Amino acid sequence: MSESTSQEEPKPAQENGKEDKERNQEATKVKEPMKSSRSIPDSLALGICSNVAGTAANKVKSQELNLEQPKISTCSLEDSRISKNTVFRKPAEVIFNLDQTAQNSKLEQSWKKNLFERVQARAQAMQQKIIDKENLKKELEKKAEEKLPTDNLAKEWFNTENMTLNTRAYLLDKLLPTLVPGMEKMLMQVEKKKLLAEVDIPTKFDPINHLGEYLMRNNPNYIKDSGMSGYQRVMRNIAEDLKINVPSTTYNRVSKMKENIKQKREQIECMNKVKAKVANTWKQALQEQFNEWILDPKGMIPMIVIQNVLHEFFQNPNFQLACCQQLDIADSMEPRLNKMEFIEFIYSHIAGFKSEMFEELLKHLCHCADEFREVIKTDMRRQMFAELFLHCDHGKVGFLDRQRTLALLETFYDQSSKVLRGLLRNPRQYLHSMIRNIQSYKEIKGRSAFNGVSFNLLQFVQLLETFVGEDAPLSVSEALTSFFKKGFVETKEEKRSGLEEARQNASQVRRGLLLNALFQKWDCDSSGFLDLNEVDELLYTYKEGMEKESMKKAKLHIQFPKPHPGHEVRLSSKQFQKYIELVVSELRGNEDQVLESVVEFLMNTLERSRVESLRNCARQKWLHQIQRAAETSGVSLEPVYAETFKALTQDAEAHGNKKISAHISLLEENLLLPDRGNVLLRNIACTLDDAPFVLNKVLYRDMKGISFTVVDEGKPIHVPQVQNHGNIFFWNHSRKKNDQNGSFLALPLQDAYMRIFGVLAVDTLRDPQKINIFLPHEIKFYQGVAHVFSTAYHYVHSREHILHVVITGISWLYNITSSITAITTYFTEPSPAKDSDYVLRNMMVTGHLGLTEIHRNPPIIFRKTCIFRDFLFKCTDSSEVVLASVCGENHIVVPLRERTGEALGALDVNIGRSKMLLYREFKDLQKMTKVIQVACNEILGELSGEIKKNYILEIENVGAVQRAGILFFRVMLKELQQCLRLLTSMDFVSLLLYDYDLLAEPKSPDSQSQELEANIRLVQDILKGIILFFHPELELSSDLGNWDQCKLYVNQYLVENICDFDPTARKLKVNLKLIDEYIRDHSRIEVWTFGNTAIEYLYHWAHICSALMKLNKKINSAISPPLPSETDSYVYAKCQGEAC
C-alpha cells in the first residue's frame, strides 16, 4: 500500500473504482506539473535566471568591458615590466559613445527580465502547491494514527536474518499488506457464518474464493485502499525497516546517507558546543588579561596599542601568521576599547587559532602589558626631560649647548652613589666616544640633524633618556631634572649669541623660501636652469641701474659652472640662490631688507601669463613626482623610469597635443667589439609600444644616429623632420619610408660634474600628424626632465652604493666579533601618504652567520606600528645613537647621516641578551660605523657635486659598483696610513729591542718566559709580513730567516712606502699566502693584549691590504647589492675573501 491511501476514511468498493479513475486523472495532472515544476526550478527557474539574466548581464558587462578596455590596458601596461628593465606606455584618453546598439540592448533586457519574473513566479506557485499537499497528507496521517491504535503483534515480522531478509522484505512490502487484511476479512466471515462451529453443515461459502475476490477487489495497483489498521501500520513500518537493511538497494543507500548525515550533524553540533565552550574560556582568559593593562581614568585602552600587539604577534616568524591577518592600524590614540570591546576585538582576529597558539598569544599579551607600562614610564620621563629643556632654554632659541650638557651629566654621574652608577650609563665611556670627531651640521626641518655644538629638544631628551637607561626608577629622572635646573646657567653673552644664531637660522630659512619661489617663477618652462646673461640683464635694472657696479663685484666671489658649447652659462637653483645672496651682500643696507627688496623687484618685473603659470605649475608637479619616485622606491629604478615617461607623455598631450615615444640609453664600455668604438649606448628603458624594437638594443659609434653627437657636444639636438635629415637610425626596420615622418629630440643626461652618462630621446613618429615639431618651451621642459631624471638616477645608485659599503663593513665586523646576533639596515623614506611624517624601509638583515639577506621588495615600517619598538624612530628623529631593550634583547641603534646631518637610515645592532658588548668589540663597532659614515659622506658628496671623486686606488677605476664594494677598506686603509704617519722613529726602535737572547737573561717563571717568547714572535712575524709587501724577493733569500738582516729593512723608507702603498696595483706581485702565514697566525686578542700602538696599526694595515688584494682578484664576482625587483622577495649576499 502506498502512504497516500492512509489519509482517507474507508469507502465502498463501487465508489473506489470511480474514485480511482478520478484520482488517476488527478494524479496524472498533478504528476505532470510536478515533473515540470521540478524541471522549472532546475532548468527554467535557475536556468532562465542564469541564462536570461546572466545573458543580459554578460552582454552589459561585455559592453562595459569593451568600453573600459582602454583604461584597463593602460593601467596594466603602465605597471608592466619586461625582464630587468621597465617598459612603460602613456595613458590613453578614452571617450565613451553610446550608439543605437546599446539602446537596443536595453530594450532586449526589459522583455527578458519580464519573462524571467513571470516564469519564476509560476514555478514558485507550483512548488508551494506541492508543499501544501504534502503537509495536508502528513496531517491526515497524524489524525488516523490518533484514531486507530497500533498493533505491536506485527513486530514479530521483524528479523534481520540474512538468508530470508530479502524475501521477508518483499513479502511485507508487496503481498502481506493486502493479504493479511484479506485473511482477517475471510475469518470474520467464517466466524459470522459459524462455519467453525457447524462443521458438518454444508455451505456455499468458499473461503478461498472469498479471499481471492478480496484480493482482486483491493489490488493496490488499481484500487485505493479504504484505510489502514493498526496492525498494517506497524507492518508498514517493519517493512520500511527491513528494506533499509537489504543491501545494495536504494533504501539501504539512502538510510546510510541519512545516518552519515545524522552523525555529521551530531559531530558538528558537538564541535560547535566545544567551540562555544572554548570561546567562553578564551573570552574569560582575555577578560582576566584586560586587568593586567594600565587603563585611562575611564577604564579604557587605546585601540592602536592592541593593534600593535596583534601586529607584532602576527609578524613573528616563529608562528608564520604574517599572511593570515591584515590590520588597519589607527592613526591616533583616540579610538579606545573598554573591557568587552577589548575581548571582542582580539577574539575577532584569533577565532581560528589553535589552543597552543592562543596560549602563545596570552604570553605575548602579558609581555606587552609589561612593555606598555615601560612605554608609559618612558613617556613620563621624556615629558619630564622636555619640560626641563624648555626651562633651561631661557632665550627660547630652540637649542642648548652640547658641551655644557655633557659636563653636567659627567658631574651628576660622579656625584651619584655606587648603586646608582650601576644603573646609569657612564657618559665618558659612551656618549663622547660615539659623537667625537664628527662634523657639525646645521638644523634641518623634519628629522633633526646632528650638531656637534648644540642639542635641540629631541636630541636633548634622547641624550638624557640614554644616560638614565631603562632600569632606573623615575626618582632618578626627577633628581637629574632638579640637578640640571640648578646647574644649567647661561651668561648674558651666551643668551645673546644664542638669540642671534636663532635669528640667523630663521633668516636663512626665509631666504631659501623666497629665492626658491623666485627661481620657479623665472624658470617658467621647468628646465631646471637659468641663463646667467638673462639674470644679469634683469638684475642690472634694479634701481634703474644705480647698483650695477656693486652687483658686478659679486662675480668676483663665485665660481660659475663651465660655459656650454653656445657660450651659455646656466645656473641651477642652488647656484642661483648663492649668486643672489652674494649680489645682495654687495649692496648697502640690511641684508634681509635688501634681499626682500630685490626679490620683490624681480617678482614684479617677471611677467608670466596665466597659461604659462598653469603650465609651470603642472610641470613642477610632474618633475616632483620623478624625484619622489626615487625617494620612495626602496632603492629601485623602475618607478623612476615610470614617472619619467609619464611626465613626458602627459606634457606632450596637455601642452603639445602630440603622441610621443621615448627611450633612455646609457653609456657602457664596449668590451666585446672595441673596434666599433670604446663606448656604446644601450637602451635600458622605453615606452611600451617601442619595446620590441628598442629595448636592450645597442647603438655603436659606426652606426647612423645623432646620439653620439649629443654625447660629444653635450647639448640637445632637435631634428624637426627626420625624413629629410639622412643621419637618423630607425630602430623599427619594418616601418616604411613613407611613414618615417616626425620630429626627433635627443638630450644629454649629465651628472653633478656635467659629465655625460646617457641620452634621453623623444620622437613623434607615432603621431598621426605628418608635421609636428617640438616647440622651444617643450624642449626646455624636456631638458628639465633629463636633469631631474639624472638626479633621481644617481640618488638611487648612491643608496645602492651605501648598501654595498654597509655589507662590506658588517662582514668585516662579523669576522672579528662574536657577540652580535643580527644587524638590520634601514633607510628613511617619505611617507607614501604624502604627510609630514616619514617611514623606514627594512633593506637587509645580517644574521649571526654573517649572511646578509637583501630584500628585493623592502617592507615598509610605519611609526604607528612601532609603539613597542619606537627606538628606531627615536634614532632617526634625533640622529643620535640609541640604546634600547625589547623582548629581553638589547639593541644599539646607530644613525647613518646625510651630509646635512639628517639621518638617512639606521643600523640596528642586536646584541642579544648581553647588556653591552665587550670593550674591544664595542671599539670595533665604533670603528665600523665611523668608516661607514665617512664612506657615506664621500658617496653623497660626489652625488651632489660638493666634492670631486677621488680615485686613490687603482681598483677604483674599474667601475662605480666595484668601487663601492672596496670603499670601506679604502677609507680604513687611508686612516691607518694617516695614523702611521704620526708615529715617531722611537715607536719602531722599541719594536726592534725585542730581539735579545733569552738565554742571557736570568731564568724567569715559565709563564713570563712564554709570554716574552710570544711577544717576540708576534713582533718579528708582523714586521716580516710587512717587509714582504715591499721586498717579495726575500721569499727565496736566507735573510728572511735572519732577524738581524730583517731589521735592516725597518727604516724611515718603510713608513713612507706603507703610506703610499696601493695593494690593488696591477704591477704588484707578492706572495700573499706567505704573508698571511706570518700575519694570520696571530689573533686580534693577542695583538690587543700586547698593547703596542705601532704593532696594532701594522697588523690592521696588513689585514686590509690582504683583503683588498683578494677582492682585486675576484672583482668581477664580488657582491654588488642588486636593485630590488618585485619578481623575487630577497637575495643573499656575503663579502668575498677571508678578511671580509
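Reading the values: rules and limits
Residues numbered from 1 in each chain as written. Predicted model: local features only at pLDDT ≥ 70, side-chain atom pairs only at ≥ 80, totals over all residues. Heavy atoms only, no water. Helix = DSSP H or I, 4+ residues; strand = E, 2+ residues; numbered from the N terminus. Contact = heavy atoms within 4.5 Å. Areas by Shrake-Rupley, 256 points an atom, 1.4 Å probe, with all protein chains shown as cover. Salt bridge = Lys/Arg side-chain N within 4 Å of Asp/Glu carboxyl O. Buried < 20%, exposed > 50% of the residue type's maximum accessible area, 1.4 Å probe, protein only. Patch = residues over 30% accessible without salt bridge, like charges linked within 9 Å, V, L, I, M, F, W, Y side chains within 5 Å. Phe/Tyr/Trp six-rings, centres within 6.5 Å; stacked < 30°, edge-to-face > 60°. Lys NZ or Arg CZ within 6 Å of the ring centre and 35° of its normal. Expected span 1.5 Å × (residues − 1). Pairing = 2+ DSSP bridges. Axes fitted to C-alpha atoms, helices over the stretch in contact; angles between N-to-C directions. Parallel < 35°, antiparallel > 145°, perpendicular 65-115°, else oblique. Left-handed = near helix turned anticlockwise from the far one by under 90°. Nonpolar A, V, L, I, M, F, W, Y, C, P; charged D, E, K, R; others polar.

Caption draft 1: Representation of the overall build of the protein. The helix and strand tally for the protein stands at 34 helices and 22 strands. Of the contacts made within the protein by residues no fewer than 6 positions apart, 70% connect residues no fewer than 24 positions apart. Working note: accessible area of the protein is about 61,800 Å², and carbon and sulfur atoms make up 52% of it.

Caption draft 2: Structural detail: the pattern of salt bridges. Evaluation of the coordinates by the stated rule reveals 42 salt bridges. Salt-bridge contacts for R863 lead to D837; the nearest nitrogen and oxygen are separated by 3.0 Å. Here R863, found in the loop between strand 18 (860-861) and helix 25 (871-878), pairs with D837, found in the loop between strand 15 (822-830) and strand 16 (838-846); they are 26 residues apart in sequence, far enough to count as distant. With relative accessibility at 31%, the residue R863 sits in the partly exposed group. For D924, the salt bridge identified is with R1084, shortest N-O distance 2.8 Å. Here the residue D924 occupies a position in helix 26 (residues 919-944), and R1084 occupies one in helix 33 (residues 1084-1090), the gap between them amounting to 160 residues.

Caption draft 3: The arrangement of a nonpolar patch on the surface in detail. Together, Y170, L171 and L175 make up a nonpolar patch on the protein surface, roughly 270 Å² of accessible area in all. You can see L175 is positioned in helix 3 (residues 162-192). Overall, L175 belongs to the partly exposed group, its relative accessible area being 39%.

Caption draft 4: Spotlight on the packing of aromatic side chains. Considering all chains together, one arrives at 30 aromatic pairs under this definition. Ring centres of F519 and F576 lie 5.7 Å apart, and the angle between their planes is 50 degrees; on these two criteria the pair is classed as tilted. Of the two residues, F519 is situated in helix 15 (residues 492-522) and F576 in helix 18 (residues 573-585); the sequence distance between them amounts to 57 residues. Summarising the burial analysis for this pair, F519 and F576 share the class buried. Positioned over the ring face of F862 is K864, at 6.0 Å from the centre of the ring. The ring centre of Y951 lies 5.2 Å from the NZ or CZ of R963, which sits over that ring.

Caption draft 5: The arrangement of helix 24 (residues 776-816) in detail. With 41 residues, helix 24 should reach 60 Å at 1.5 Å per residue; the first-to-last C-alpha distance of 61 Å fits that figure. Taking burial as the measure, the 41 residues of helix 24 include 34 buried ones, the bulk of the element.

Caption draft 6: A look at the pairing of strand 14 (residues 756-763). Of all eight residues in strand 14, seven are buried; the element is thus mostly enclosed. Relative to strand 14, strand 9 (residues 661-669) is paired through six bridges, and the arrangement is antiparallel. Counted as the bridge partner of S665 is V759 from strand 14. Two elements, strand 13 (residues 744-750) and strand 14, share seven bridges in a ladder whose sense is antiparallel. Its bridge partner being in strand 14, L749 is matched across the sheet by G758.

Caption draft 7: Representation of the packing of helix 7 (residues 303-314) against helix 9 (residues 355-392). Their axes nearest at 10 Å, the elements helix 7 and helix 9 cross at an angle of 130 degrees. When the interaxial angle is binned, helix 7 and helix 9 end up oblique. The two elements helix 7 and helix 9 cross, and the hand of that crossing is right-handed. Contacts between helix 7 and helix 9 involve V305, V309, L310, E312 and F313 from the former and M357, E360, L361, H364, L365, C368 and F372 from the latter. The residue inventory of the contact of helix 7 with helix 9, partitioned by class, reads nine nonpolar, one polar and two charged.

Just geometry here; none of it tells us what the structure is for.
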